[in-house]
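Read off the chains here:
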Amino acid sequence: MTEPVPHWPGRLVSVSNHGASNHGIDDHEVFVRSASSPDNAEPALLVHGLEGSSRNWTDLIDLLRSRLACEAMDLPGFGDSPPRPDGRYSIAALAQTVTSLIQKQHQPVHLIGNSLGGAVCVKVAATRPELIKTLTLISPALPDSRPRLDLIRFPVMSLPRVGTRLVQQYQVLPAERRVADVITTCYGEPALFQQARFATEVAELTRRDELGHAAAALVGSVRTLTAEFLRKGRHSAWRDAARVTAPTLVIYGSRDRLVDARMAGRAAHQFADARVVVLPRTGHVAHMEHPDAVADEIAILLGIPGAFGRLTQERAGEGNTRPVRY
């Protein structure tokens with residue numbers, strides 16, 4: 001088995017909300033990881049999902065960095081990023097933070113988001129189209145009226161005081177069990193998770209347990225997603241999707257327990273300029289489970305098939321079968 005790619009180094013970056021609708025908010029910092037890339041590489045920003053961090057993008061960045069200057073951020077309150085000073089975790093608030101970070105590039109970026117991060121990226125692309133060159137969404141957390149067993153806990157966690165109490169009770173469980181639970185929930189084939197990283201993830205979860213804001217970040221984000229799923233009319237996230245003008249790639253996993261792959265059909269009709277792909281035997285985090293397949297799809301989006309290298313057979317997992325494209 002090949003050793004996993006080391007997580008990329010990072011730094012805290014100051015971002016500003018000056019000019020935002022709720023101006024007056026203090027500047028804050030987000031943690032950003034980056035990898036070396038050619039001088040002429042175009043910038044890309046990667047945004048993780050709920051309970052994730054910039055570490056989720058390590059393998060995909062390794063594949064993209066020959067062509068894209070990748071930066072992966074920790075959303076406020078997650079990973080190594082402190083929370084926003086106002087304690088807000090709404091999609092709009094997180095989109096403000098992402099927008100501020102993109103503006104530091106002084107040129108449009110290739111924006112890539114997973115799950116919660118995907119919903120945030122849709123908001124950014126819809127409201128600030130001049131900042132986005134292409135948009136890639138991996139299992140985006142867009143509203144779905146069909147109930148999902150693994151999401152039943154979200155409305156319960158959104159209740160006042162209940163969510164915090166449930167998170168505190170969950171944090172009492174051994175970190176090893178909680179990491180294993182996340183892998184089982186998010187991977188279509190849990191055996192593909194690199195065991196060499198398991199201890200690292202346990203240590204990271206233990207560290208986050210000690211932070212005063214970790215529970216608030218999780219509960220606040222769950223409430224945000226629950227509220228987004230209930231929005232109707234012009235405030236719906238799907239209405240934002242229809243406003244996106246950038247070329248868009250949307251990737252779903254056929255075994256995703258959190259985002260139904262049947263949403264691929266709606267995505268194909270909702271985004272104005274979209275290519276929608278369903279990867280077989282894949283769960284909620286295709287970029288971690290099959291990063292080579294995701295890199296191939298991004299290469300097609302950029303118009304350079306075969307331009308990215310591929311992970312080794314051991315690291316990528318054997319037997320990727322053909323994706324379904326819309």
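In what follows, the accompanying structure is described. (Residues numbered from 1 in each chain as written. Predicted model: local features only at pLDDT ≥ 70, side-chain atom pairs only at ≥ 80, totals over all residues. Heavy atoms only, no water.)

**Re the overall build of the protein chain**
Part 1: A count of helical and extended segments in the protein chain gives 13 helices and nine strands.
Part 2: Counting across all 326 residues of the protein chain, residues that qualify as buried make up 53%.
Part 3: Counted over contacts in the protein chain with a minimum sequence separation of 6, partners at least 24 positions apart contribute 75%.
Part 4: In the form shown here, the protein chain has an accessible surface area of approximately 14200 Å², with 54% of it arising from carbon and sulfur atoms. (Helix = DSSP H or I, 4+ residues; strand = E, 2+ residues; numbered from the N terminus. Buried < 20%, exposed > 50% of the residue type's maximum accessible area, 1.4 Å probe, protein only. Contact = heavy atoms within 4.5 Å. Areas by Shrake-Rupley, 256 points an atom, 1.4 Å probe, with all protein chains shown as cover.)

**Remarks on the side chain of Asp-260**
Part 1: Position of Asp-260 relative to the elements: it lies in the loop between strand E7 (248–253) and helix H10 (263–270).
Part 2: You can call Asp-260 buried: its relative accessible area is 6%.
Part 3: Side chain to side chain, Asp-260 and Arg-262 meet in a polar contact 2.7 Å long. (Polar contact = N/O pair within 3.5 Å; in protein donor to acceptor, adjacent residues only side chain to side chain.)

**Brief notes about the side chain of Glu-289**
Part 1: Along the chain, Glu-289 turns up in helix H11 (residues 286–289).
Part 2: At 6.4 Å, Arg-255 is the nearest oppositely charged side chain to Glu-289, a buried residue that forms no salt bridge.
Part 3: Only 3.0 Å separates the side chain of Glu-289 from the backbone nitrogen of Gly-188, close enough to count as a polar contact.
Part 4: Engagement of the side chain of Glu-289 in a polar contact is seen with the backbone nitrogen of Gly-283, the distance being 2.9 Å. (Lys, Arg positive; Asp, Glu negative; His and termini not counted. Salt bridge = Lys/Arg side-chain N within 4 Å of Asp/Glu carboxyl O.)

**Things to note about empty space enclosed by the protein**
Part 1: Considering all chains together, one arrives at two cavities of 30 Å³ or more under this definition.
Part 2: Of the pockets and cavities examined, the largest cavity occupies roughly 150 Å³.
Part 3: Considering only residue class, the lining of the largest cavity consists of five nonpolar, four polar and five charged.
Part 4: Forming the walls of the second largest cavity are Ile-91, Ala-119, Val-122, Lys-123, Ala-141, Glu-228, Ala-237 and Asp-240. (1 Å grid on protein atoms, 1.4 Å probe; cavity = no way out; pocket = protein on both sides within 12 Å on 5 of 7 lines; lining within 4 Å. Points joined across faces, edges and corners; volume = space filled by probe spheres on them. Nonpolar A, V, L, I, M, F, W, Y, C, P; charged D, E, K, R; others polar.)

**Description of the packing of helix H6 (residues 175–186) against helix H7 (residues 198–209)**
Part 1: Running from amino to carboxyl end, H6 crosses H7 at an angle of 115°, the nearest separation of the two axes being 9 Å. What the angle tells us is that H6 and H7 run roughly perpendicular. Between H6 and H7 lies a crossing whose hand is right-handed. Contacts between H6 and H7 involve Ala-175, Glu-176, Arg-178, Val-179, Ala-180 and Ile-183 from the first element and Phe-198, Glu-201, Val-202, Leu-205, Thr-206 and Asp-209 from the second.
Part 2: The class makeup of the residues in the contact of H6 with H7 is seven nonpolar, one polar and four charged. (Axes fitted to C-alpha atoms, helices over the stretch in contact; angles between N-to-C directions. Parallel < 35°, antiparallel > 145°, perpendicular 65-115°, else oblique. Left-handed = near helix turned anticlockwise from the far one by under 90°.)

**Description of the packing of aromatic side chains**
Part 1: Taken as a whole, this structure holds one aromatic pair when the rule is applied.
Part 2: For the pair Tyr-187 and Phe-193, a centre-to-centre distance of 5.7 Å together with 75° between the ring planes defines the contact as edge-to-face. (Phe/Tyr/Trp six-rings, centres within 6.5 Å; stacked < 30°, edge-to-face > 60°.)

**Observations concerning the pairing of strand E8 (residues 274–279)**
Part 1: Judged from the six bridges that link them, E7 and E8 form a sheet pairing that is parallel. When the bridges of E8 are listed, Gly-253 appears paired with Leu-279.
Part 2: Two elements, E8 and strand E9 (residues 324–325), share two bridges in a ladder whose sense is antiparallel. Residue pairing in the sheet places Val-277 in a bridge with Arg-325 of E9. (Pairing = 2+ DSSP bridges.)

**What about the nonpolar core?**
Part 1: Of all hydrophobic cores here, the largest spans 49 residues; its most connected members are Val-98, Leu-111, Ile-132, Tyr-252 and Phe-271.
Part 2: Tallying contributions element by element places helix H3 (residues 116–127) first for this core, with eight residues.
Part 3: Here Leu-111 is in contact with Leu-45, Val-47, Val-98, Ile-102, Cys-121, Val-124, Ile-132, Thr-134, Leu-135 and Thr-136, once residues within four sequence places are set aside.
Part 4: Counting 25 residues, the second largest nonpolar core, distinct from the first, contains Ala-44, Leu-64, Cys-70 and Ala-72. (Core = buried A, V, L, I, M, F, W, Y, C linked by side-chain atoms within 4.5 Å.)

**Concerning the environment of Leu-279**
Part 1: Relative to the assigned elements, Leu-279 resides in strand E8.
Part 2: The sequence separation of Leu-279 and Arg-325 amounts to 46 residues, and the corresponding C-alpha distance is 8.7 Å.
Part 3: Those residues in contact with Leu-279 that sit more than four places away from it in its chain are Ile-251, Tyr-252, Gly-253, Ser-254, Ala-286, Ala-293, Val-294 and Pro-323.

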